Amino acid sequence: MTAVKAGDIEALLRRGPASQIAVILVYGPDTGLVFERAKRLAESFVTDPSDPFALVKIDGDTLASDAGRLVDEAGTVGLFGGQRSIWVRAGSRNYAPAVDAALKAEIASARIVVEAGDLAKSAPLRTLCEKSTRALALPCYADDERALAELIDRTLQENGQRIAREARDILAMSLGGDRRASLSEIEKLALYARGQTEITLDDVEAVISDVAGSVLNTLIDAAFVGRSEEVERDYRRFRHEGMDPSMMLGSALRHALTLLSTRIAGEGQSPSMMVGNWRGLHFRRKALVEAQLGRWSPVALRHAVQLLQEAVLACRRSPPDLAHAHASATLLRIATEAARRRG
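Residues numbered from 1 in each chain as written. Predicted model: local features only at pLDDT ≥ 70, side-chain atom pairs only at ≥ 80, totals over all residues. Heavy atoms only, no water.

1. Describing the pattern of salt bridges
In the structure shown here, the tally under the stated rule is 20 salt bridges. A salt bridge links Arg 89 to Glu 115; the nearest nitrogen and oxygen atoms lie 2.7 Å apart. With a gap of 26 residues between them, Arg 89 in strand β3 (residues 84–89) and Glu 115 in strand β4 (residues 110–115) connect regions that are remote in the sequence. Within this structure, Glu 10, Glu 36, Arg 37, Arg 40 and Arg 154 form a network of salt bridges that share partners. (Salt bridge = Lys/Arg side-chain N within 4 Å of Asp/Glu carboxyl O. Helix = DSSP H or I, 4+ residues; strand = E, 2+ residues; numbered from the N terminus.)

2. Some thoughts on the packing of aromatic side chains
Two aromatic rings are characterised by how far apart their centres lie and by the angle between their planes. Applying the stated criterion across every chain yields a total of two aromatic pairs. Consider the rings of Phe 35 and Trp 87, whose centres lie 5.7 Å apart with planes at 40°: the pair is tilted. On the criterion of sequence distance, the pair formed by Phe 35 in helix α2 (residues 31–44) and Trp 87 in strand β3 is long-range, its members being 52 residues apart. Since its relative accessible area comes to 22%, Phe 35 is described here as partly exposed. Judged by relative accessible area, Trp 87 falls into the buried class, the value being 1%. Taken together, a centroid distance of 5.5 Å and an interplanar angle of 55° make the contact between Phe 224 and Trp 296 tilted. In this pair, Phe 224 is assigned in helix α11 (residues 213–225) and Trp 296 in the loop between α15 (286–295) and α16 (298–316), connecting sequence segments 72 residues apart. Both residues of the pair, Phe 224 and Trp 296, belong to the buried class. (Phe/Tyr/Trp six-rings, centres within 6.5 Å; stacked < 30°, edge-to-face > 60°. Buried < 20%, exposed > 50% of the residue type's maximum accessible area, 1.4 Å probe, protein only.)

3. Side note on the sheet that holds β4
If you walk across this open sheet you meet the five strands as β2-β3-β4-β1-β5, and the pairing is parallel. Two strands close off the open sheet at either side, each with one partner strand: β2 (55–59) and β5 (135–139). Looking at each pair of strands side by side, their axes are set apart by 20° on average, direction ignored. Across five bridges, β3 lies against β4 in parallel orientation. Bridge pairing in β4 links Trp 87 to Val 113. Sitting on the sheet, helix α6 (residues 124–131) touches β1 (23–27), β4 and β5, and the angle it makes with β1 is about 135°. (Pairing = 2+ DSSP bridges. Axes fitted to C-alpha atoms, helices over the stretch in contact; angles between N-to-C directions. Contact = heavy atoms within 4.5 Å.)

Structural data, given as structure tokens:
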């Protein structure tokens, strides 16, 4: 039996699967964790994951129609030689025969990573991999407290950051349920605290507790759909009410980061489909956010994130009047760019 216990998977990922393993099945109810681990396994086996000859992605439904395709891909020599990864993405049809054929073939320099959904114990794909000595079956369940702490530390370390213990504990309490969503929140925190070597509790609370977010939605949506007059009007109102400019920019920054992560995760999807995956979005905002997703590319959103980060820092270092000038100018600049994209 080569079914791996959930608690042993991270250690296995760190040391790498044994050389005789030809197929690794990654499955479970946590689709974000399934994707993250499949990606990690597929990319770690090759020298350059961006090389389409080294890392080949195949849809499971394609293999259901052509069971020999997987063996052919695994046996193909790369353009410049070296090891190859075959990443099989989940499909709606049964492609277990293709995996069975691969397990029976002689595969020397390729790794097959199968990304699947929540498979029942009797599912053909799962039983096939659990019974084979040349395959591994890795279940992915929602992260527990220890796994979340490790995920936070590892992700931030990759960005050259560390996090205070109390801050990490609070952050972990707000995460869980889906690995992709957790990663998105951690990456938001890393971007928010860019330039800091240690992330504090104040940083965590600023990112995960959007105190004024619902109140500021009209201002933020107006900026990202290109309505400059509404931005000027709403900003004057919030300033008159005594709202801190860095708080307004912080909410805009969190929104921009969520737009960016949604655009990246929904690559190839329509804006309406991406909006459907946006957790906690009020139905009244869906049309506006859909318009924003259709208008802003990942490259443009990264630029907007950078502008907002710089403006947040400028506000923190400036007296109140100058801070408001920085904030309003930045939001109007975003609105101008959004209007240009609409045109």
